[in-house]
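Chain residues, written in single-letter form:
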Amino acid sequence: MYKYDEIDQAIVDERVKQYSDQTRRFLDGELTDEEFRPLRLQNGLYIQRHAPMLRIAVPYGMLSSRQLRKLGDIAKRYDRSYGHFSTRQNLQLNWPKLEDVPEILAELATVQMHAIQTSGNCIRNITADQFAGVAPDEVIDPRAIAEIIRQWSTFHPEFALLPRKFKIAVSGTKQDRAIIQAHDIGLEFYLDNQNKMAIRVWAGGGLGRTPILGSVVREHLEWQHVLTYCEAIIRVYNLHGRRDNAYKARIKILVKALGIEEFSRQVEEEWQYLKDSPNTITEAELERVAKHFTKMPYEPLPAHDSSFDSAVASNPAFAAWVKRNTHPHQQPGYRAVTLSLKTHGQAPGDATSEQMRIVADFADEYSFGELRVAHEQNLILADVKLSDLYPLWEKARAAGLATSNIGLLTDIICCPGGDFCSLANAKSIPIAEAIQMQFDDLDYLYDIGDLELNISGCMNACGHHHIGHIGILGVDKDGSEWYQVTIGGKQGNDASLGTVLGPSFAAEEMPGVIQKLIDVYVRERTPEERFIDTVRRIGVAPFKTHVYGEKKKEAVHA
Amino acid sequence: MPNKSNLILNNAIVDDEWTLVTMPVVEEAVKKQAGKVVLFKLTGEATHTAEQIANTVIPCSGKILVPLSVWMARREELASRHTAGELGIWLDTHELLEDLASAIGDINSLPLIAVHVERFADGRIFSIGNLLRTRYHYKNDLRAFGDVLRDQLFFLKRCGFNSYLIRADRSAEDALASLQDFSQPYQGAVDINQPVWRRVNRQPAPQ
């Protein structure tokens, strides 16, 4: 993974100094709340319900074991010994003290980490496929360009105060796993007909209050131009995006208002001036950064391992874990492993300091000292030998990190919600936990099969509810918490936004509602169909009838 | 005692030689969107009446910094001041640079262009500075004024500004220091147009 040189280190060190002074000025009363707000936000610090929340950047989800150990230490020293991995692949601390944040940032800087631009109206952390570099369907490993974009976007002076937040995702696989269509800019890498790395540029996607899937601004962009092309897009947005209404300020609203043709025309016109300007990436720079992302020193191994095969054959629990939580690898004899942070009955995406330490040890012992954060809020060991899977599973099980539920109903994506977040309309974690307890039978979960359930505590959609096969959105009605259900959302190449099922439900009804949705699916499915396929085939109506038909007999809350 | 100047020009605090000309204030109706007061004007939104422009009082001597819309409407009257090098133009962040460019033959005949930022969070000022320097090739003094605070100065400098009138209740001395916040920025911008990889031979850090 990328390692800092003196220049990278100087920037995070200088940031610590700058932010320490900003915090001092705020505490001394030299900065008003309003003036300090964008400064702390651009350092990932929110003022929350109970305490501030600090969001630490994990660029495109990559972490070293040393970094994860440091995160665990920081959570122990400055927080309550746990952290929350977010859908932007970042780590959030829920209980730090505002006065301690400069010190925390100084600690992070010692392991080449920071919290720069993890919030605020600026370019946020770049996100990527958690299997970048190891996925069999990968055409191009996008991490070197992602790192170059990270550096370019860090303190980009022209885009320091945009109308609203700005999120970029990169993907270089046949099957998109980075939800590029749900980003302000999505960069889809491919090999063009001359076998050169090219980019299909998407813009104007985003979830939130007004969910919109992105449109293609440019089919073919040579990689050298990715920074100047992004500058053209963001400049058009910076000048013409709406600042008069925060709810209409994202680039998706501008793209929608102008239409993709006119928006693209303005971008192209702007780009004519920026094309070939000094931010055009050189071969030498790509090569320098790409050296940090070369293949791991794999052992030459056969595609099969007899000890592994016999463990799978003799141990059904291990076999289930292998099936759900390990993933094919480019290198024969290796697998990628997902360590589940979705233990039933616990807050999705949370890891304790102790678990972080243990996972760091796993990474050192089994996966070249590196790991990744998935946007589905799990941790990934990308390079594990087949022969190591069994011992790893045993240890992970002991640490509560081996629930065999990846891609299943209880692998819930969930924001911190009303328990922590001051933006939330409703709690989300207790809903996730109640559903996990309702579906605690693994065999039943396997029978239900692939199903993505996403929960957001408010329409800001941190829990990506619009693209969940089942989505749950917390809403506020006259001061009490209700939940709106959508079905038919999906991430990936054939991404779609879910359809609202009908009037919302009380918290205690939610496990029952999910149960009814599953009942319809189990009744209607063909042998090969996943939940999402059934919804797409038969539509929302049968689900709606089953859920509300029986509900009406009880009590109707509308 | 004279008022201390809060004007930074090229890394030093200097006295302001320019008289800021503003339009007579008129009562503006409070606009609301989604229940919230609208704080920012839309790019290209017309905000001044002909009456305001006509009633703008222009000092008859000395260097004057005149609103763009006043210049556009009263060019003939101001032509001699322009020729004498006593005329600068200021615009708001929602005004269009295209209007400025078409209202002046040679942009470099202006010794000063100033951009007024009503609220510091209005990042349009950065694109405006960048475009003035790179698209319109403006070479003379470029000033930010209004809600100008030290924590935005580094970005303003990088976008081509060389002068900053710090908000009256804040210290210009303190603000000066922030221009040095970062020693080696990553990306090329207006002040240093080469990105770091073209300026420095980057070596891997010792582990």
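Residue indices begin from 1 for each chain and proceed along its sequence in written order. Key to labels: chains lettered from A, ligands numbered from 1, both in the order written. This being a predicted model, a pLDDT of at least 70 is required before a residue's local features are given, and a value of 80 or more before pairs of side-chain atoms are given or counted; all residues contribute to the totals for chains, interfaces and linings. The side-chain quantities take in all heavy atoms of the structure and omit both hydrogens and water.

Q: So what's going on with helix 3 (residues 65-78) of chain A? Which residues, and what values?
A: The terminal C-alpha atoms of helix 3 of chain A lie 20 Å apart, and with 14 residues this matches the ideal 20 Å at 1.5 Å per residue to within 8%. Only protein chains enter the area calculation, which uses a 1.4 Å probe; residues under 20% of their type maximum are buried, those over 50% are exposed, and those in between are partly exposed. Secondary structure elements are taken from DSSP: a helix is a run of H or I of four residues or more, a strand is a run of E of two residues or more, and numbering for both begins at the N terminus. Those residues of helix 3 of chain A lying buried are Ser65, Gln67, Leu68, Lys70, Leu71, Gly72, Ile74, Ala75 and Tyr78 of chain A. Here the expected length of a helix is defined as 1.5 Å per residue gap, with one fewer gap than residues.

Q: Before we move on, could you go through a nonpolar patch on the surface and cite the residues and values that matter?
A: Residues and elements named next belong to chain B. For patches, a residue must show more than 30% relative accessible area and have no salt bridge; joins then use 9 Å for like charges and 5 Å for nonpolar side chains, namely Val, Leu, Ile, Met, Phe, Trp and Tyr. For every accessible area listed, the method is Shrake-Rupley and the probe measures 1.4 Å; residues are considered covered only by the protein chains on display. When a carboxyl oxygen of Asp or Glu lies within 4 Å of a side-chain nitrogen of Lys or Arg, that pair is called a salt bridge. A cluster of nonpolar side chains, Val30, Val37 and Leu39, forms an exposed patch at the surface whose accessible area comes to about 270 Å². Among the structural elements, Leu39 can be located in the loop between strand 5 (36-37) and helix 1 (50-54). For Leu39, a relative accessible area of 40% gives the class partly exposed.

Q: I'd like a rundown of helix 1 (residues 6-27) of chain A, residues and numbers included.
A: With 22 residues, helix 1 of chain A should reach 32 Å at 1.5 Å per residue; the first-to-last C-alpha distance of 31 Å fits that figure. Between N or O atoms, a polar contact is any pair within 3.5 Å; within protein, one atom must be a potential hydrogen donor and the other a potential acceptor, and residues adjacent in sequence are included only when both atoms are from side chains. Sitting at the amino-terminal end of helix 1 of chain A is Asp5 of chain A, which places a side-chain oxygen 3.0 Å from the backbone nitrogen of Ile7 of chain A.

Q: Talk me through unusual backbone geometry; I want residue IDs and the actual numbers.
A: Phi at Ile179 of chain A takes a positive value of approximately 50 degrees, unusual for a residue other than glycine. With respect to the secondary-structure elements, Ile179 of chain A resides in the loop between strand 7 (168-171) and strand 8 (185-191). The backbone of His137 of chain B shows a phi angle near 55 degrees, a positive value even though the residue is not glycine. The topology assignment puts His137 of chain B in the loop between helix 5 (124-134) and strand 9 (141-146).

Q: So, the domain arrangement of chain A: which residues are in play, and what are the values?
A: All names here are of chain A. Segmentation of chain A into domains returns domain 1 (6-109), domain 2 (134-290), domain 3 (306-398) and domain 4 (413-554). Taking only C-alpha atoms, the centre of domain 2 and the centre of domain 4 are 31 Å apart. The contact rule is simple, with two residues in contact once any of their heavy atoms fall within 4.5 Å. Across the contact, 13 residues belong to domain 2 and 12 residues belong to domain 4. Accessible-area loss on putting two parts together, using a 1.4 Å probe and summing over both, is the definition of buried area adopted here. Across the domain 2 to domain 4 interface the summed buried area is about 1,200 Å²; carbon plus sulfur atoms make up 60%. On the domain 2 side of the contact with domain 4, Ile179, Leu207 and Leu213 bury the most area, a combined 41% of that side's loss. Seen at the junction of domain 2 and domain 4, the total is 0 salt bridges. For the pair domain 2 and domain 4, the interface holds 5 residue pairs in polar contact (both at pLDDT 80 or more). Under the scheme applied, nonpolar residues are Ala, Val, Leu, Ile, Met, Phe, Trp, Tyr, Cys and Pro; charged residues are Asp, Glu, Lys and Arg; polar residues are all the others, including Gly. A class-by-class count of the residues in the side of domain 2 that touches domain 4 yields 5 nonpolar, 3 polar and 5 charged. The domain boundaries here were taken from an automatic or database domain assignment.

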